[in-house]
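Chain and residue survey
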Amino acid sequence: MAAAPAAGGAARGRGATSFQRKAAAGSRLAAVAGTRPSVRHGQLLLSSGLPSLDCVLGGGVAVGTLLLIEEDKYGLYSNLLFKYFLAEGVVCGHDLFVASAKEHPDNILKELPAPLLDDTYRNERGEEATAVKSEDFQDSMKIAWRYQNLPKVEASPTTSTKFGHYYDVSKTMSPELFQSIKWHSFYLPEELSLQPKMKTHNMNSAYSRLLQSIQRIIYQEGFDGSDPQKKLKNILRIGIQSLGSMLWGDDICSSDTPEHIHSLTKFLYVLRGLLRKSLSACIITVPAHLIQNKAIMERVTNLSDMVVGLESFIGSERETNPLYKDYHGLVHVQQIPRLNSLICDVSDTKDLAFRLKRKLFTIEFLRQFLVYLEAYVTAPFWEY
């Protein structure tokens, strides 16, 4: 061990120097807590709060983009994804902007799920893995032998490196975690009482107020880069709940020919411009199943970077279908962004489902169960 310094000294004596070339200032992305650069297109990514969803979206939510969640029929599971996104921001120390016309942002933050420690998460996943193996063994006793050797896929989409956190939906986040972050709220009933009249510029009054609030936070806090942030660079996470519903003063959910037919699309167009030139990312939930005019929903999809739809089994035939007995709904990935590339990331399979079991909300593949269905339908009677 002592010979190494001597050898190094001899090498320097023969003309070598300890000089190291300094990398260019703009050659590397600035380190921002809770982010990582994409290995495919170099864009800075942040976690949605659900690692399996990050994998489906191509590694995470890119900074400067918009994630649109099409709400399930009763809004139960879409609201959970909304809280996951905000909870991840709290754990990573990001700034939050929460907007709602239904529930006060203070109450939304109080109901954020608590983060799971690594050991706790391993125990939870270990117990689930044991249960899944026992179910697979029981199914293998029933399924035709010629289907047992088909290749299996991973139970849930995951990334190779640790990115994002896991949360316990049965517990709420500790108030101490909020002390280290800065958050801003927009509650429409309060905003209307403070300023009853406002110029709308051919846009819904509520949307105009919301845009002004978002723009003010981005500029005042230095997220747009024009006014450098005083401390280390940080990310602004924007969450907007049930946009397009009647609570926002929009009638696209109640009429096929709404009064302000382009109001929502104008809002998204301007919002997307604000996101593109700032260190921010946004999640919006929309009651797509209630929008009467499907042409409006198509334009909303085109103005979003990522679109994920949730289809709950509550009240449907699939709720009692044995094929879906372990799941609570389906996940439809409608759109994935093309970032610095002519093509977009494509998921290995479109057969995705979600379930809420014990403390964890997970997105999983459905392929193996579809293979089972094919076996029961197509196999000859002597193979049952």
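Here, the structure is the one placed above.
A brief structural summary. (Residues numbered from 1 in each chain as written. Predicted model: local features only at pLDDT ≥ 70, side-chain atom pairs only at ≥ 80, totals over all residues. Heavy atoms only, no water.)

Notes on the overall build of the protein
Each helix and strand counted, the protein has ten helices and 14 strands in total. Contacts spanning at least 24 positions in sequence make up 74% of the contacts within the protein whose residues lie at least 6 apart. (Helix = DSSP H or I, 4+ residues; strand = E, 2+ residues; numbered from the N terminus. Contact = heavy atoms within 4.5 Å.)

Observations regarding the packing of helix 8 (residues 263–276) against helix 9 (residues 294–302)
Where helix 8 contacts helix 9, the two axes come as close as 10 Å, and the packing angle between them is 0°. One finds that helix 8 runs roughly parallel with respect to helix 9. On helix 9, the residues touching L264, T265, L268 and R272 of helix 8 are R299, V300 and N302. Across the contact of helix 8 with helix 9, the residue classes tally to three nonpolar, two polar and two charged. (Axes fitted to C-alpha atoms, helices over the stretch in contact; angles between N-to-C directions. Parallel < 35°, antiparallel > 145°, perpendicular 65-115°, else oblique. Nonpolar A, V, L, I, M, F, W, Y, C, P; charged D, E, K, R; others polar.)

Points about the sheet that holds strand 3 (residues 61–62)
Across a sheet, paired strands are connected by hydrogen bonds in the backbone, their directions being either parallel or antiparallel. With respect to topology, three strands assemble into an open sheet ordered 1-2-3, the strand pairing being antiparallel. Since the sheet does not close on itself, it has two edges, and those belong to strand 1 (35–37) and strand 3, each with one partner. Of the strand pairs in this sheet, strand 1 and strand 2 (residues 44–46) are connected by three bridges, and their pairing is antiparallel. Its bridge partner being in strand 2, T35 is matched across the sheet by L46. (Pairing = 2+ DSSP bridges.)

Quick word on the nonpolar core
The biggest cluster of nonpolar side chains holds 41 residues, and the ones touching the most others in it are L67, L81, L86, L112, F361 and I363. Looking at this core, the element that brings in the most residues is helix 3 (residues 76–92), giving nine residues. When near neighbours in sequence (up to four residues on either side) are disregarded, L81 contacts L50, L53, I69, I283, L310 and F361. L66, L68, L264 and L271 belong to the second largest nonpolar core, which has 39 residues in total. (Core = buried A, V, L, I, M, F, W, Y, C linked by side-chain atoms within 4.5 Å. Buried < 20%, exposed > 50% of the residue type's maximum accessible area, 1.4 Å probe, protein only.)

Quick word on the sheet that holds strand 9 (residues 236–240)
Pairing in this open sheet of nine strands is mixed, and the strands run 8-5-9-10-4-11-12-13-14 from one edge to the other. The open sheet has two edge strands with one neighbour each: strand 8 (183–187) and strand 14 (360–365). Going across the sheet, the axis of each strand differs from the next one's by a mean of 20°, ignoring polarity. Sheet topology note: the strand 9/strand 10 (residues 280–286) ladder contains five bridges and is parallel. By the bridge assignment for strand 10, R237 is matched with A281. On the sheet, helix 8 packs against strand 4 (66–70), strand 9 and strand 10 and is oriented at approximately 155° with respect to strand 10. Lying over the sheet, helix 9 contacts strand 4, strand 11 (306–312) and strand 12 (329–335), oriented at roughly 145° with respect to strand 4.

Re helix 7 (residues 205–220)
Given 3.6 residues to a turn, an α-helix orients residues that are three or four positions apart in the same direction. Between its first and last C-alpha, helix 7 extends 22 Å over 16 residues, near the 22 Å set by a 1.5 Å rise per residue. Looking only at helix 7, the buried set comprises A206, Y207, S208, R209, L210, L211, S213, I214, I217 and I218. Check the buried side of helix 7 and you find it contacts strand 5 (95–100), strand 8, helix 6 (188–194), strand 9, helix 8 and strand 10. One side-chain oxygen of the residue at the start of helix 7 lies 2.9 Å from the amide nitrogen of A206, identifying that residue as N204. Count one or two residues on from helix 7 and you reach G222, which has phi positive near 80°. (Expected span 1.5 Å × (residues − 1). Polar contact = N/O pair within 3.5 Å; in protein donor to acceptor, adjacent residues only side chain to side chain.)

Here's the deal with the pairing of strand 11
A large share of strand 11 lies buried, amounting to six of its seven residues. Relative to strand 11, strand 4 runs parallel, the two being bridged by four bridges. Across the sheet, residue I69 finds its bridge partner in strand 11, namely V308. With six bridges connecting them, strand 11 and strand 12 associate as antiparallel partners. Across the sheet, the residue bridging to V308 is V333, located in strand 12.

Some words on the pattern of salt bridges
Going through the model one piece at a time under the given rule, you end up with six salt bridges. Between K83 and E111 there is a salt bridge; the shortest N-O distance is 2.8 Å. Of the two residues, K83 is situated in helix 3 and E111 in the loop between helix 4 (105–110) and strand 6 (113–115); the sequence distance between them amounts to 28 residues. Looking at K83, the relative accessible area reads 9%, which means it is buried. According to the relative accessible area criterion, E111 is partly exposed, its value standing at 38%. A salt bridge links R276 to D305, with the nearest nitrogen and oxygen atoms 2.6 Å apart. Of this pair, R276 sits in helix 8 while D305 sits in the loop between helix 9 and strand 11, placing them 29 residues apart in sequence. One network of salt bridges, in which partners are shared, links R272, R276 and D305. (Salt bridge = Lys/Arg side-chain N within 4 Å of Asp/Glu carboxyl O.)

Describing unusual backbone geometry
We note that S242 has phi near 50°; this positive angle belongs to a residue other than glycine. Residue class for S242 comes out buried when judged on its relative accessible area of 14%.

Digging into a nonpolar patch on the surface
Residues Y74, L76 and I314 make up a contiguous nonpolar surface patch of roughly 280 Å² in combined accessible area. Residue placement: Y74 occurs in the loop between strand 4 and helix 3. Relative accessible area serves as the criterion here: at 48%, Y74 is assigned to the partly exposed category. (Patch = residues over 30% accessible without salt bridge, like charges linked within 9 Å, V, L, I, M, F, W, Y side chains within 5 Å. Areas by Shrake-Rupley, 256 points an atom, 1.4 Å probe, with all protein chains shown as cover.)

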